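Next come the chains, spelled out residue by residue.
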Amino acid sequence: MSDRLYTVLLYSDDPQVRDRMRLAVGTRPAADLRVEFTEAASYAECIRLVDDYEIDLMMLDGEATPAGGIGIARQVKDDRADAPPTCVVIARAADRWLAAYAEVDATLVHPLDPVTTGATVAELLRRHAGAGRAA
């Protein structure tokens, strides 16, 4: 795999949560992957970014208000045949069933562990690239 630059959308209404997500992923979640970030603090902004840009991965805060990441993930999956992979960060592991219903590709639990987060993001980006979306 080439050293391609991937775009990761971070969504949370809380800028501190977005910062923690960014730090946990880092700019190189794996030796062969580089990422850049774009951020959204509202539902409308998140949808606009997905519609207007090539987003390789959505990392969504499941605890955001008023629109939670699980709901946004489900909406994007329902509305778009080419929906990017989604990773929802939840506060309770018990909410994984709800994330599964929303068809998210992965879940992580607050507080984020950088090793687990990087491995999860790298796996989703590689799988996404293998499906033919990344060049």
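These remarks concern the structure in this document. (Residues numbered from 1 in each chain as written. Predicted model: local features only at pLDDT ≥ 70, side-chain atom pairs only at ≥ 80, totals over all residues. Heavy atoms only, no water.)

A tally of regular secondary structure across the protein gives 5 helices and 5 strands. Relative to its length of 135 residues, the protein is compact, with a C-alpha radius of gyration of 13 Å against a globular reference of 14 Å. Overall, the protein is about 40 × 30 × 25 Å in size when its C-alpha atoms are taken along their principal axes. Here the protein holds 135 residues, and the buried ones make up 47% of them. Counting only contacts in the protein whose residues sit at least 6 apart along the sequence, the fraction spanning at least 24 positions is 67%. Taken as a whole, the protein presents about 6,500 Å² of accessible surface, with 53% of it coming from carbon and sulfur. Here the protein contributes 15 positively and 22 negatively charged side chains, and the mean placements of these two sets differ by 3 Å. (Helix = DSSP H or I, 4+ residues; strand = E, 2+ residues; numbered from the N terminus. Rg over C-alpha atoms; globule rule 2.2 N^0.38 Å. Buried < 20%, exposed > 50% of the residue type's maximum accessible area, 1.4 Å probe, protein only. Contact = heavy atoms within 4.5 Å. Areas by Shrake-Rupley, 256 points an atom, 1.4 Å probe, with all protein chains shown as cover. Lys, Arg positive; Asp, Glu negative; His and termini not counted. Charge placed at Lys NZ, Arg CZ, Asp CG, Glu CD.)

Bringing the state of the cysteines into the picture now. Following the criterion strictly, the structure yields 0 disulfides and no others. Considering cysteine sulfurs only, C46 is the nearest to C87, which forms no disulfide, with 13 Å between them. (Disulfide = S-S within 2.5 Å.)

With that settled, consider the pattern of salt bridges. If the charged atoms of two oppositely charged side chains come close together, the side chains can form a pair. Scanning all chains against the criterion turns up 13 salt bridges. Here R22 makes a salt bridge to D19, at a shortest N to O gap of 2.7 Å. Taken together, the residues R22 and D19, both in helix α1 (residues 15–25) and 3 residues apart, mark about one turn of the helix. Linking E39 and R22 is a salt bridge whose minimum nitrogen-to-oxygen distance equals 1.7 Å. With E39 in strand β2 (residues 34–40) and R22 in helix α1, this pair connects stretches of sequence that are 17 residues apart. (Salt bridge = Lys/Arg side-chain N within 4 Å of Asp/Glu carboxyl O.)

On to the packing of aromatic side chains, then. Two aromatic rings, taken as a pair, are described by how far apart their centres are and by the angle between their planes. The full count for this structure, using the stated rule, is 0 aromatic pairs. The ring of Y6 carries the charged tip of R4 above its face, separated from the ring centre by 4.6 Å. Across from the ring centre of Y101, 4.5 Å away, lies the NZ or CZ of R74, which sits over that ring. (Phe/Tyr/Trp six-rings, centres within 6.5 Å; stacked < 30°, edge-to-face > 60°. Lys NZ or Arg CZ within 6 Å of the ring centre and 35° of its normal.)

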